[in-house]
Amino acid sequence: AYATNGQVDERLFSSLAPSAEKLLGSCNSQELGNVAWAYSAANVGAPSVFNDAFINVCLAKEDEFRTESLSQLHQWQLWQEESKSEVGLPLSLRKKCYNS
């Protein structure tokens, strides 16, 4: 209902962050893309999720990302740049995302 009305429940996203943080290592590439895209589309920051650990998991699965998840990561990267975050994808993965 929130999404249909263009509303974001920031408390919901904030309450999910601790679980997302704990599960990052077990996520596949599509799940990583989904999480990154969801937070970027909602414009809800989650530094406990999107940090060096997130980047390292993405790098470990770099060759597993398909077009859809690369596009989602690209959206996340743009959001990071827009919000002037210090966290971002390494250039190799950034290029793959841009080209997807």
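Quick caveat: nothing in here was measured; it's all calculated off a predicted structure.

Colleague: I would appreciate a short explanation of the environment of Glu-31 in the present structure.
Modeller: Relative to the helices and strands, Glu-31 is located in helix 2 (residues 29-42). Along the chain, Glu-31 and Ser-69 lie 38 residues apart, while their C-alpha atoms are 8.1 Å from each other.

Colleague: What should I look at first to understand the nonpolar core in this one?
Modeller: Generally speaking, a soluble globular protein has its nonpolar side chains buried in company with each other. Within the largest apolar cluster, 26 residues are counted, with the highest numbers of intra-cluster contacts made by Leu-32, Tyr-39, Phe-50, Phe-54, Leu-73, Trp-76 and Leu-93. At the level of elements, helix 1 (10-23), helix 2, helix 3 (52-60), helix 4 (67-82) and helix 5 (91-99) are the ones that each hand at least two residues to this core.

Colleague: Would you mind showing me how to read the packing of helix 1 against helix 2 here?
Modeller: Each pair of packed helices can be summarised by the angle the axes make with each other and by the distance between the axes. Between helix 1 and helix 2, whose axes approach to 11 Å, the crossing angle comes to 155°. One finds that helix 1 runs roughly antiparallel with respect to helix 2. As for how helix 1 packs across helix 2, the hand of that crossing is left-handed. For the pair formed by helix 1 and helix 2, the contact residues are Phe-13, Leu-16 and Ala-17 on the first element and Ala-38, Tyr-39 and Ala-42 on the second. Looking at the contact of helix 1 with helix 2 residue by residue, the class counts come to six nonpolar, no polar and no charged.

Colleague: Hey, could you run me through the pattern of salt bridges in this one?
Modeller: Pairs can form between side chains of opposite charge once their charged atoms are near each other. What the rule picks out here adds up to three salt bridges. Asp-63 serves as the salt-bridge partner of Lys-96, at 3.3 Å between the closest nitrogen and oxygen. Taken together, the residues Lys-96 in helix 5 and Asp-63 in the loop between helix 3 and helix 4 connect sequence positions 33 residues apart. Of the residues examined, Asp-63 reaches a relative accessible area of 72% and is grouped as exposed. The shortest N-O distance in the salt bridge between Arg-94 and Glu-81 comes to 3.8 Å. Linking Arg-94 in helix 5 with Glu-81 in helix 4, this pair joins segments that are 13 residues apart in sequence. Owing to a relative accessible area of 31%, Arg-94 belongs among the partly exposed residues under this scheme.

About the criteria used
Within each chain, residue numbers correspond to sequence positions counted from 1 in written order. In keeping with the predicted nature of the model, local features appear solely for residues at pLDDT of at least 70, side-chain atom pairs appear and are counted solely at 80 or more, and the whole-chain, interface and lining totals rest on all residues. Remark: hydrogens and water are excluded; side-chain values derive from all non-hydrogen atoms of the structure. By definition, any uninterrupted DSSP run of H or I lasting at least four residues is a helix, any uninterrupted run of E lasting at least two residues is a strand, and each is numbered from the N terminus. Residues belong to one nonpolar core when they are buried, are Ala, Val, Leu, Ile, Met, Phe, Trp, Tyr or Cys, and are joined through side-chain atoms within 4.5 Å. Exposure categories follow from relative accessible area, calculated using a 1.4 Å probe and restricted to protein chains: below 20% of the type maximum is buried, above 50% is exposed, and the middle band is partly exposed. Here the axes come from fitting lines to C-alpha atoms, over the contacting stretch only for helices, and the angles between their N-to-C directions go from 0 to 180 degrees. Orientation labels follow simple angle bins: below 35 degrees gives roughly parallel, above 145 gives roughly antiparallel, 65 to 115 gives roughly perpendicular, and whatever is left gives oblique. Each crossing gets its handedness from the near helix: less than a right angle anticlockwise from the far helix is left-handed, clockwise is right-handed. The contact criterion used is simple: two residues touch if any of their non-hydrogen atoms lie within 4.5 Å. Each residue is assigned to one class: nonpolar for Ala, Val, Leu, Ile, Met, Phe, Trp, Tyr, Cys and Pro, charged for Asp, Glu, Lys and Arg, and polar for all the others, Gly among them. Each salt bridge in this description consists of a side-chain nitrogen of Lys or Arg and a carboxyl oxygen of Asp or Glu lying within 4 Å of one another.

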